[in-house]
Amino acid sequence: MRGFLFFPILLLGLAGAGCSPRLVPLYYDYRLPDTTGPSLQPVARALAAAGWEVSQPDSLHLETMPRSLQHWGLYRVVVRLEAVPVDGRFVRVFIHPYRHYITGRRSKIPYLPAGLRATLLPRLHAALEAEGLEPAGTAFQRDHVRPSW
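Colleague: I'm lost on the overall build of the chain in this one. Help?
Modeller: In terms of helices and strands, the chain carries 4 helices and 7 strands. Element order for the chain, N to C, with α for helix and β for strand: α-β-α-β-β-β-β-β-α-β-α. In the chain, buried positions account for 34% of the 149 residues. Within the chain, residue pairs in contact and separated by at least 24 positions form 54% of the contacts whose partners lie at least 6 positions apart. Total accessible area computed for the chain in this model is approximately 9600 Å², and 60% of it derives from carbon and sulfur atoms.

Here it is in structure tokens:
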């Protein structure tokens, strides 16, 4: 009897895992060109070229004004970007997505959904690459060293 119940529960668990959203981190690292120091000026130029308005240019971090990227009837998705230098060789771009409901309530989106990822990332990556920054991925992807055995 236990085997009879175990198999359907296992199948439901696998089906549920296959339908769950792919969790994409809310930040990406970019390698600064060797010619520049740990400056955020290339990032500010790239964000402006991609249509973002920089609200707080600073040598330690950079923020953009919130921008509405998607409208879904009951809510709209608003995104704000933030860039900070990491280790003098990289810049980490944080993505802060929120849902603004018609009731006025706001909730943070804990991951980057596929539609938002397709809307936001290609243009952002292209603008940063045009300024000479190379995508380095997430911290795990950037620092992951493959064994040489």
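Having seen it, we continue.
Colleague: Mind showing me how you'd approach helix 2 (residues 41–49) here?
Modeller: For an α-helix, 3.6 residues make a turn, and residues three or four places apart therefore share a direction. For helix 2, the set of buried residues is Pro42, Val43, Ala44, Ala46 and Leu47. Two residues or fewer after helix 2 comes Gly51, characterised by a positive phi angle close to 95 degrees.

Colleague: Whenever I open this one, the pairing of strand 1 (residues 27–31) confuses me. Can you help?
Modeller: In regular strands, side chains alternate between the two faces of the sheet. In terms of strand pairing, strand 1 meets strand 5 (residues 90–101) through 5 bridges, oriented antiparallel. Each bridged residue has a counterpart across the sheet, and for Asp29 the counterpart in strand 5 is Arg92. Pairing between strand 1 and strand 7 (residues 134–137): 3 bridges, direction antiparallel. Opposite Arg31, over in strand 7, you have Glu134 as the bridge partner.

Colleague: What exactly am I supposed to notice about the nonpolar core here?
Modeller: Within soluble globular proteins, side chains that are nonpolar generally end up buried alongside one another. Counting 28 residues, the largest nonpolar core has Val43, Val79, Val91, Ile95, Leu124 and Leu128 as its most contacted members. Elements supplying a minimum of two residues to this core: strand 1, helix 2, strand 4 (75–86), strand 5 and helix 3 (114–130). At 6 residues, helix 3 tops the list of elements feeding residues into this core. Not counting residues within four places of it along the chain, the set of residues in contact with Val91 comprises Tyr28, Asp29, Tyr30, Leu32, Leu40, Val43, Ala83, Val84, Pro85 and Leu133.

Colleague: Would you take a moment to explain the packing of aromatic side chains for this structure?
Modeller: Any pair of aromatic rings gets described here by the distance separating the centres and the angle formed by the planes. Applying the stated criterion across every chain yields a total of 2 aromatic pairs. Summarising the aromatic geometry, the rings of Tyr27 and Phe94 are spaced 6.1 Å apart at their centres and angled 50 degrees between planes, so their arrangement reads as tilted. Note that Tyr27 is positioned in strand 1 and Phe94 in strand 5, a separation of 67 residues in sequence. Arg106 extends its terminal NZ or CZ atom over the ring of Tyr98, reaching a point 4.3 Å from the ring centre. It is Lys108 that lies over the ring of Tyr98; its NZ or CZ is 5.1 Å from the centre.

Thresholds applied
- Residues numbered from 1 in each chain as written.
- Predicted model: local features only at pLDDT ≥ 70, side-chain atom pairs only at ≥ 80, totals over all residues.
- Heavy atoms only, no water.
- Helix = DSSP H or I, 4+ residues; strand = E, 2+ residues; numbered from the N terminus.
- Buried < 20%, exposed > 50% of the residue type's maximum accessible area, 1.4 Å probe, protein only.
- Contact = heavy atoms within 4.5 Å.
- Areas by Shrake-Rupley, 256 points an atom, 1.4 Å probe, with all protein chains shown as cover.
- Pairing = 2+ DSSP bridges.
- Core = buried A, V, L, I, M, F, W, Y, C linked by side-chain atoms within 4.5 Å.
- Phe/Tyr/Trp six-rings, centres within 6.5 Å; stacked < 30°, edge-to-face > 60°.
- Lys NZ or Arg CZ within 6 Å of the ring centre and 35° of its normal.

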